[in-house]
Each structure stands twice: as C-alpha cells, then as structure tokens.
Amino acid sequence: MTSAPVTVPSAHLVHQRPLGTPALTAPDGTTRLLDLAAAATLALAALEPGMSRARSGARAWPASADPRGALRQLLVRLRRQWGFDVLIGRSQLSLAPGLTVDVTDAAAAGTLLSDLDVSALPGFAEWLEAQRQTRAGHARAQAELLLAQAQAAGDPQAARRL
C-alpha cells in the first residue's frame, strides 16, 4: 500500500436492514455486500478508530498464521473494488476521510451486524457483544431521558409514544 489514498468524500459505508447486513454503498447507489472478515475489519475501524493493524487482523483472522498479511490482502481487494482506500493507516486503522457509517448515527436503530454469524471469530464476537451492549445501554439511557423530559413537560402523549 505505497500509493497515497484517494478519498471519495461522498462514499458511504452502510449496514443495511437496520444495521444488520454489512455492505458498502457508493454515491451512485452501487452496493456490495461484505464478507465476514471485511465487515469485522470495517466495524473495528469505525467503532474503534486507531486500533492497531495487528489487533484488527487478529480479530478478523484468528486462525491465520499471518493475520496482518490477510488484512493487507483485504485492503488491496477493497481498493480494487472501490477505486480508493476504504481504510487508512500504516500502523493503526481508521476509515478513510469522507466515509460515513450508520452505526455512529445516533438516530440509527437496530442491532449491530445482526445478520452475521461471527462464531468463527471468537475475539471479534466478544468485542461485538460488548459493542451491542454499549449501544443498548445508550439507547435505554436516551429513552429514559426523553421519557423524563416528556413527563416533566406534562406531555402524556409524548411519554406514551416512548
């Protein structure tokens, strides 16, 4: 990965069907589903930017003798598919500038990567479960806050909708 990354500011990383099936969607609407390793690596970079390549590789390819090599191959494959570096960083991975992710959108609802069977990636499965619990806790706290605000404002209809 010696060439400088080409960023596409309007590219969009989407986990479709409320955060379920991971896919990349380009500005022109072209969508490609992601395999398990790609989905795991992109989720790691999106939710823990700056994670080391070694740690990312080990989570996405736990049985590989060379997880960093597998990660390099994935990065090359994604660049060939999309024409730009989706993930950037020499020692730590992050999403390329301009990419957005629905899981970081506060209004997004659904279970993170719910359509993936991650049992083959035990380290990633543990990380994913912790992320899901964190998201659920944030959603509960937000709902409780909105309920308290509706009750304090004397708005029983808003409170019932919550």
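J.: I'd like a description of the environment of Pro-62, backed by residues and values.
T.: Tracing the sequence through the fold places Pro-62 in the loop between α3 (53-60) and α4 (67-82). By relative accessible area, which is 40% here, Pro-62 ends up partly exposed. Dropping the residues within four chain positions of it, Pro-62 is found in contact with Ala-120, Leu-121 and Pro-122.

J.: Can you explain the side chain of Arg-59? Please cite residues and give values.
T.: Among the secondary structure elements, Arg-59 is positioned in helix α3. Buried charge without a partner: Arg-59 forms no salt bridge, and the closest opposite charge is Glu-48, 4.5 Å away. The contacts of Arg-59, once residues within four sequence positions are left out, are Leu-44, Met-51, Leu-121, Gly-123, Phe-124 and Trp-127.

J.: Tell me about the pattern of salt bridges, and please be specific about residues and values.
T.: One pass over the structure, following the stated rule, counts 4 salt bridges. Close ionic contact of Asp-66 with Arg-72 constitutes a salt bridge, the shortest N to O distance being 3.9 Å. The exposure class assigned to Asp-66 is partly exposed, which follows from its relative accessible area of 40%. Residue class for Arg-72 comes out partly exposed when judged on its relative accessible area of 42%. One salt bridge connects Arg-79 with Asp-85, and the closest N-O pair in it is separated by 2.5 Å. Judged by relative accessible area, Arg-79 falls into the partly exposed class, the value being 23%.

J.: Explain the packing of helix α2 (residues 36-47) against helix α5 (residues 122-152) to me, using residue names and the numbers behind them.
T.: Relative orientation of the contacting elements α2 and α5 amounts to 45°, with a least axis distance of 12 Å. On the basis of their axis angle, the class for α2 and α5 is oblique. Of the two elements, α2 crosses α5, and the hand of that crossing is left-handed. Within the contact between the two elements, α2 uses Ala-40, Ala-43, Leu-44 and Leu-47 and α5 uses Phe-124, Trp-127 and Gln-131. When grouped by side-chain class, the residues that make up the contact of α2 with α5 number 6 nonpolar, 1 polar and no charged.

About the thresholds
Residues numbered from 1 in each chain as written. Predicted model: local features only at pLDDT ≥ 70, side-chain atom pairs only at ≥ 80, totals over all residues. Heavy atoms only, no water. Helix = DSSP H or I, 4+ residues; strand = E, 2+ residues; numbered from the N terminus. Buried < 20%, exposed > 50% of the residue type's maximum accessible area, 1.4 Å probe, protein only. Contact = heavy atoms within 4.5 Å. Lys, Arg positive; Asp, Glu negative; His and termini not counted. Salt bridge = Lys/Arg side-chain N within 4 Å of Asp/Glu carboxyl O. Axes fitted to C-alpha atoms, helices over the stretch in contact; angles between N-to-C directions. Parallel < 35°, antiparallel > 145°, perpendicular 65-115°, else oblique. Left-handed = near helix turned anticlockwise from the far one by under 90°. Nonpolar A, V, L, I, M, F, W, Y, C, P; charged D, E, K, R; others polar.

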